[in-house]
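# Breakdown of the fold
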Amino acid sequence: MSNKLEVIDLHVEIEGKEILKGVNLILNEGEIHAIMGPNGSGKSTLAYTIMGHPKYKVTKGDILLNGRSILGMSTDERARAGLFLGFQHPQAISGVTLSTLLRTALIVRDEQRRPPNIIKFSREIKALAQELNMNPELLQRYVNEGFSGGERKKNEVLQMLVLKPIFALLDEPDSGLDVDALRDVAKGINKLHAETNAGILLITHYQRILHYVPPQKVTILKNGVIVKTGGPELAEIIEQEGYEGLQA
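To keep things clear, this report deals only with the structure shown in the data block.

### What about the sheet that holds strand S1 (residues 4–14)?
Pairing is antiparallel in the open sheet, where four strands are placed in the order S2-S1-S4-S5. Only two strands of the sheet have a single neighbouring strand rather than two, namely strand S2 (17–28) and strand S5 (68–69). Both S1 and S2 contribute to a ladder of nine bridges, which runs antiparallel. In the sheet register, Val-7 faces S2, and the bridge partner there is Leu-25. Helix-sheet contacts for helix H1 (residues 43–51) involve S1, S2 and strand S4 (57–65), and the interaxial angle to S1 is about 110°.

Next up, the structure:
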């Protein structure tokens, strides 16, 4: 039986203001599904709500993981169930090295009684970092402290590759990246997809990352509702014509 993430008639508000107004979406195992839309359309709200951020209040609808509602689950429980959120603006964490964060996250996710072998684990994450063209020295620095924008985004992808989620929700992984960093981030996303058959929900404003991470579906979100869903050609239309003419 394949894994499935379902968003059903989802209404979400922040501080009394409705942001999502009845979103329906299905993400299947092995599927790359791009979410596009103008600023303020609710793209990030959708990702954060699926992950269980307490700021976002679900007023109606449901989110199902393999047929089971996850609305009553904490963010940690959703992560252990196989969900991963890549942040648009990854934050720095003082006092915690990146290697320690990765190892601890793996232990917590798997509820392992024994932590992974330090030497073997260090070798594995160093190899992954090198694949992403990350300086291995970053593994021994505090998380995202002094990291460039590209290094922070690569760090998000590195965490994803270590945790191997069932579904990855990636909030604008291409924002602020130069061409080389974009290719490295895309390489990491494709690696997860190829090796684990994870479902990828990829939120973006632009078509450029979709040249490197080809989606099977593209959905346009505008003013909190889905206005159109199609194939990858839809992203090309948006690139040429913009969002202005699309209506719910």
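What follows continues from the structure just given.
### Concerning the packing of helix H5 (residues 149–163) against helix H6 (residues 179–196)
Here H5 crosses H6 at 10°, and the two axes come no closer than 10 Å. For the element pair H5 / H6, the angle class is roughly parallel. Of the residues in H6, those touching H5 at Lys-153, Lys-154, Val-157, Met-160 and Leu-161 are Ala-181, Asp-184, Val-185, Gly-188, Ile-189, Lys-191 and Leu-192. By residue class, the composition of the contact of H5 with H6 is seven nonpolar, one polar and four charged.

### Concerning the packing of aromatic side chains
Counting across every chain of the model gives two aromatic pairs. Plain terms: the ring middles of Tyr-48 and Tyr-56 are 5.7 Å apart, the flat faces sit at 45° to each other, and that makes the pair tilted. Accessibility expressed as a relative area gives 15% for Tyr-48, which makes it buried. Taking relative accessible area as the criterion, Tyr-56 reaches 14% and is therefore assigned buried. Put simply, the rings of Tyr-48, Tyr-56 and Phe-87 touch in pairs and so form one group of aromatic residues.

### Re the side chain of Asp-184
For Asp-184, the location among the structural elements is in helix H6. Residues contacting Asp-184, with those up to four places away along its chain left out, are Leu-132, Asn-133 and Lys-154.

### Some details on the pattern of salt bridges
Should the charged atoms of two oppositely charged side chains come close, the side chains can pair. Taken as a whole and judged by the stated rule, the model has five salt bridges. Salt-bridge contacts for Lys-217 lead to Glu-31; the nearest nitrogen and oxygen are separated by 3.6 Å. Of the two residues, Lys-217 is situated in strand S11 (residues 217–222) and Glu-31 in the loop between S2 and strand S3 (32–36); the sequence distance between them amounts to 186 residues. The residue Lys-154 makes a salt bridge to Asp-184 at a minimum N-O spacing of 3.0 Å.

### Some thoughts on the environment of Ile-203
With respect to the helices and strands, Ile-203 occurs in strand S10 (residues 199–203). For Ile-203, a relative accessible area of 0% corresponds to the buried category. Note: C-alpha distance between Ile-203 and Leu-169 (34 residues apart in sequence) is 7.8 Å. Residues within four places of Ile-203 in sequence aside, it is in contact with Ile-35, Lys-43, Ser-44, Ala-47, Leu-170, Asp-171, Glu-172, Pro-173 and Asp-174.

### So, the environment of Gly-72
One can find Gly-72 in the loop between S5 and helix H2 (75–80). By relative accessible area, which is 79% here, Gly-72 ends up exposed. Separated by 78 residues in sequence, Gly-72 and Gly-150 have C-alpha atoms that sit 35 Å apart.

What counts and how
Residues numbered from 1 in each chain as written. Predicted model: local features only at pLDDT ≥ 70, side-chain atom pairs only at ≥ 80, totals over all residues. Heavy atoms only, no water. Pairing = 2+ DSSP bridges. Helix = DSSP H or I, 4+ residues; strand = E, 2+ residues; numbered from the N terminus. Contact = heavy atoms within 4.5 Å. Axes fitted to C-alpha atoms, helices over the stretch in contact; angles between N-to-C directions. Parallel < 35°, antiparallel > 145°, perpendicular 65-115°, else oblique. Nonpolar A, V, L, I, M, F, W, Y, C, P; charged D, E, K, R; others polar. Phe/Tyr/Trp six-rings, centres within 6.5 Å; stacked < 30°, edge-to-face > 60°. Buried < 20%, exposed > 50% of the residue type's maximum accessible area, 1.4 Å probe, protein only. Salt bridge = Lys/Arg side-chain N within 4 Å of Asp/Glu carboxyl O.

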